[in-house]
Amino acid sequence: MLVDATSCLRVHPAAVRRLGEDLVVARPGPEQPVLRLSGSAPGLWTALSAGASVRDAAIAVAGDPAPDPELVAAAVAFARDLVAQGLAEPR
Amino acid sequence: MSAAHPPPLRALAATELTGAHPPALPAGGWEDRFDAVVHHGLAPFLARAWTRERVELDEATQSQLERRLEAEAVLTVRLEAELIRLAPLLDRCDAVVLKGPVLAHHAYPDPAWRPFSDLDVLVPAPRMDELLDGLADHGYRRPRPDPTPGFASRVAKATVVRHPSGLLVDVHRTLAAGPAGARVDVDAIIGASGHVDVGCARVRAPAWPHHLVQVALHAAVGDGLSRLRSIRDVAQVAALAGEGSSGEATIATARRWGVERYLAAALRAAEAELGAALPAPLVGWLHGPARAPVDARTRRAPARDALSRLQRLRHGGARRHLTLVRAALAPTPEFLRWRYGAQPLLALYQRRWHDVRIRALSDRSSNGTRGS
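Predicted, not measured: the structure shown is a model, and the values here were computed from it. (Residues numbered from 1 in each chain as written. Chains lettered and ligands numbered in written order. Predicted model: local features only at pLDDT ≥ 70, side-chain atom pairs only at ≥ 80, totals over all residues. Heavy atoms only, no water.)

Enquirer: Can you walk me through the pattern of salt bridges in this structure?
Expert: When charged atoms on two side chains of opposite charge get close, those side chains can pair. Counting across every chain of the model gives 17 salt bridges over all chains. We note a salt bridge from Glu-80 of chain B to Arg-17 of chain A, for which the minimum N-O separation is 3.0 Å. On the criterion of chain membership, the pair formed by Glu-80 of chain B in helix α4 (residues 59-92) and Arg-17 of chain A in strand β2 (residues 15-19) is interchain, its members lying in two chains. (Salt bridge = Lys/Arg side-chain N within 4 Å of Asp/Glu carboxyl O. Helix = DSSP H or I, 4+ residues; strand = E, 2+ residues; numbered from the N terminus.)

Enquirer: Would you mind going over the packing of aromatic side chains with me for this structure?
Expert: Each aromatic ring pair is characterised by the separation of its centres together with the angle its planes make. Residues and elements named next belong to chain B. Across all of its chains, the model carries three aromatic pairs over all chains by this definition. Between Phe-45 and Trp-113 the ring centres are 5.7 Å apart and the planes differ by 80°, which places this aromatic pair in the edge-to-face class. Here Phe-45, found in helix α3 (residues 43-51), pairs with Trp-113, found in the loop between α5 (100-106) and β2 (119-122); they are 68 residues apart in sequence, far enough to count as distant. When its relative accessible area of 1% is taken as the criterion, Phe-45 is described as buried. A cation sits over an aromatic face here: Arg-33 above Trp-30, 4.6 Å from the ring centre. (Phe/Tyr/Trp six-rings, centres within 6.5 Å; stacked < 30°, edge-to-face > 60°. Buried < 20%, exposed > 50% of the residue type's maximum accessible area, 1.4 Å probe, protein only. Lys NZ or Arg CZ within 6 Å of the ring centre and 35° of its normal.)

Enquirer: Is there a simple way to think about the sheet that holds β2 of chain B in this case?
Expert: Sheets are built from strands paired through backbone hydrogen bonds, the pairs being either parallel or antiparallel. Residues and elements named next belong to chain B. Ordered in space as β1-β2-β4-β3, the four strands form an open sheet in which the pairing is mixed. Both outer strands of the open sheet, β1 (96-98) and β3 (158-162), are each paired with one neighbouring strand and no more. This sheet shows a mean twist of 30° between the axes of neighbouring strands, independent of strand direction. Alignment of β3 against strand β4 (residues 168-172), held across five bridges, turns out to be antiparallel. Bridge pairing in β4 links Thr-159 to Val-171. Helix α6 (residues 128-137) contacts β2, β3 and β4 of the sheet and is inclined by roughly 170° relative to β4. (Pairing = 2+ DSSP bridges. Axes fitted to C-alpha atoms, helices over the stretch in contact; angles between N-to-C directions. Contact = heavy atoms within 4.5 Å.)

Enquirer: Please explain a nonpolar patch on the surface as it appears in this structure.
Expert: Residue and element names in this part refer to chain B. A grouping of Val-325, Leu-329 and Trp-353 is seen on the molecular surface, where their side chains present a nonpolar patch of about 270 Å² in accessible area. Note that Val-325 resides in helix α16 (residues 318-329). Of the residues examined, Val-325 reaches a relative accessible area of 40% and is grouped as partly exposed. (Patch = residues over 30% accessible without salt bridge, like charges linked within 9 Å, V, L, I, M, F, W, Y side chains within 5 Å. Areas by Shrake-Rupley, 256 points an atom, 1.4 Å probe, with all protein chains shown as cover.)

Enquirer: Teacher, can you tell me more about the pairing of β4 of chain B here?
Expert: On any regular strand, side chains alternate: one points to one face of the sheet, the next to the other face. Residue and element names in this part refer to chain B. Burial within β4 is extensive, with four of its five residues counted as buried. In terms of strand pairing, β2 meets β4 through four bridges, oriented parallel. When the bridges of β4 are listed, Leu-119 appears paired with Val-169. Once β3 ends, the chain turns through five residues before running back antiparallel as β4, passing Gly-166 with a positive phi of about 105°.

Enquirer: Explain the sheet that holds strand β3 (residues 22-26) of chain A here, please?
Expert: Residues and elements named next belong to chain A. Overall, antiparallel pairing links the three strands, which are arranged β2-β3-β4 in an open sheet. Of all the strands in the sheet, the pair left with one neighbour each is β2 and β4 (34-37). Strand-to-strand twist across the sheet, computed as the mean angle between neighbouring axes with direction ignored, equals 20°. Note: β3 against β4, four bridges, orientation antiparallel.

Enquirer: I'm lost on the packing of helix α10 (residues 208-222) of chain B against helix α11 (residues 228-241) of chain B in this one. Help?
Expert: Residue and element names in this part refer to chain B. Running from N to C, α10 and α11 cross one another at 165°; their axes reach a closest spacing of 9 Å. For the element pair α10 / α11, the angle class is roughly antiparallel. Crossing angle aside, the handedness with which α10 passes α11 is left-handed. In this structure, α10 contributes Trp-208, Pro-209, His-211, Leu-212, Val-215, Ala-216, His-218 and Ala-219 to the contact, and α11 contributes Ser-230, Ile-231, Asp-233, Val-234, Val-237, Ala-238, Leu-240 and Ala-241. Among the residues making up the contact of α10 with α11, the classes are represented as 12 nonpolar, three polar and one charged. (Parallel < 35°, antiparallel > 145°, perpendicular 65-115°, else oblique. Left-handed = near helix turned anticlockwise from the far one by under 90°. Nonpolar A, V, L, I, M, F, W, Y, C, P; charged D, E, K, R; others polar.)

Enquirer: What is the right way to look at the nonpolar core in this model?
Expert: The tendency in soluble globular proteins is for nonpolar side chains to be buried side by side. Residues and elements named next belong to chain B. Residues Leu-12, Trp-30, Leu-46, Leu-212, Leu-217 and Leu-267 are the most contacted members of the largest nonpolar core, which totals 76 residues. The element that contributes the greatest number of residues to this core is helix α13 (residues 260-274), accounting for nine residues. When sequence neighbours within four positions are dropped, the list of residues in contact with Leu-267 reads Val-234, Ala-238, Leu-278, Leu-282, Trp-285 and Leu-286. One finds Leu-83, Met-128, Leu-135 and Tyr-140 within the second-largest nonpolar core, a separate group that totals 31 residues. (Core = buried A, V, L, I, M, F, W, Y, C linked by side-chain atoms within 4.5 Å.)

Enquirer: When you look at the interface of chain B and chain A in this model, what are you seeing that I'm missing?
Expert: One frequently used descriptor of interface size is the decrease in accessible area upon assembly of the parts. Tallying the contact residues gives 23 residues for chain B and 17 residues for chain A. Of the roughly 1,500 Å² buried between chain B and chain A on both sides combined, carbon and sulfur atoms contribute 69%. Summed over the shared surface of chain B and chain A, the result is two salt bridges. At the junction of chain B and chain A, the tally comes to four residue pairs in polar contact (both at pLDDT 80 or more). The set of elements that each furnish at least two residues to the side of chain B that touches chain A consists of α4 and α5 of chain B. Of the residues forming the side of chain B that touches chain A, the biggest block, 12 residues, is contributed by α4 of chain B. (Buried area = accessible area lost by both parts, 1.4 Å probe. Polar contact = N/O pair within 3.5 Å; in protein donor to acceptor, adjacent residues only side chain to side chain.)

Enquirer: What's the story with the environment of Leu-119 of chain B in this structure? I'm lost.
Expert: Residue and element names in this part refer to chain B. Looking at where Leu-119 falls in the secondary structure, it is placed in strand β2. On the accessibility criterion, Leu-119 (2% relative accessible area) is buried. As for Leu-119 and Leu-168, which are separated by 49 residues in sequence, their C-alpha atoms are 6.5 Å apart. Those residues in contact with Leu-119 that lie beyond four places of it in its chain are Leu-79, Glu-82, Leu-83, Leu-86, Pro-101, Leu-168, Val-169 and Asp-170.

Enquirer: Sorry if this is basic, but what is going on with α10 of chain B here?
Expert: Helical geometry: 3.6 residues make up each α-helical turn, so side chains three or four residues apart lie on a common side. All names here are of chain B. Taken across its 15 residues, α10 has 11 buried, putting it largely inside the fold. All buried positions along α10 are accounted for by Pro-209, His-210, His-211, Leu-212, Val-213, Gln-214, Val-215, Ala-216, Leu-217, Ala-219 and Ala-220. In the stretch just after α10, Gly-224 is the one whose phi turns positive, near 55°.

Pasting the structure below:
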């Protein structure tokens with residue numbers, strides 16, 4: 001299923017720890033790669049995990065109800081990346 | 001009891017400890033103390049002090065600290081992720097999770113303040129083999145064989161298993177090595193435990209009074225009061241377990257298990273080293289007339305002297321004694337090959353008996369010296 005700005009994700013259970021401004025994320029399984037999310041990604045992760053749509057996640061990160069289209073595009077790309085890496089699936 | 005660690009490290013270990021009166025935190029000199037900070041498990045506190053501009057760090061130390069924090073965060077998050085995978089197995093075997101993940105999420109203000117390097121679980125002895133088999137199904141291997149069948153479930157304080165990826169799980173049969181762990185009532189710990197969330201994992205954890213006795217045993221017996229983060233754990237859990245009836249339950253538990261002096265030593269260390277303000281019931285007990293001064297022998301003693309082995313023999317059932325004797329005198333060939341290398345079996349046993357005799361003589365001699 002294609003992920004776009006209106007999509008919501010089901011984020012799979014993962015361990016998350018804050019490291020300064022970044023988030024360190026690991027999926028269950030000792031061989032799974034550990035991701036370090038930085039920039040706007042921690043905010044997007046948090047909002048998507050809480051059930052927000054991709055656009056709403058971008059709004060939450062921007063703190064603006066009309067976020068920059070580039071940020072929305074980046075949020076879509078981030079959400080697709082999460083799906084591609086098996087960390088989430090479209091709902 | 002007087003404080004044993006340098007004041008700057010004690011001050012760092014008491015970072016934002018509610019109600020504490022630690023020594024003043026010096027701004028400088030942390031470059032020279034960095035190794036000690038890491039050794040004591042205090043890197044997150046140094047980062048906290050630095051971001052709040054309470055300490056100064058040169059660029060090289062900042063980089064070292066950043067690398068250390070990242071390494072700790074990566075390992076911690078991998079272990080927490082592993083808990084998600086292992087939670088059903090742990091539940092099935094009635095195992096409780098001790099220390100690291102539970103304290104990080106439920107005893108400290110921020111999980112990032114309490115990194116950990118392995119998972120500690122406590123399991124009732126009759127379920128030990130089932131849990132070890134389950135962990136083997138999840139890819140874990142034992143780095144060393146048991147000296148004899150039943151050793152893990154009857155004698156060893158804990159059995160370490162390692163995943164090929166490097167993750168470690170420490171499966172505890174009891175809470176402390178030697179006599180200190182002999183009267184610990186594991187069934188009572190399991191019976192009073194409850195489920196808690198550790199990130200996305202839901203696992204069983206001891207009730208706080210039991211957990212306080214556990215962290216006190218770890219600090220006093222396991223670490224010999226030498227590691228400040230263990231002492232900080234005691235202060236942190238005491239704040240949760242020490243009030244009102246919980247505090248009384250903690251003291252009663254320590255009394256039943258015959259480990260009051262270790263609880264007292266750990267609590268005194270929290271007061272002396274960190275300036276911790278312990279809850280009233282614990283303070284009343286600690287400084288009341290019933291408590292003798294802390295025995296200096298609480299500090300790390302040789303773990304394997306003859307006296308401790310004798311005390312280990314005195315506690316526990318006949319099968320346990322038999323297992324212990326067999327582990328010393330007639331371990332399995334697999335264990336002997338692991339210990340001494342590939343040799344003819346007779347040579348391996350001769351080597352073992354020689355070692356046992358030398359150790360017994362050495363114990364006798366050191367006991368004589370101690371007695372003189």
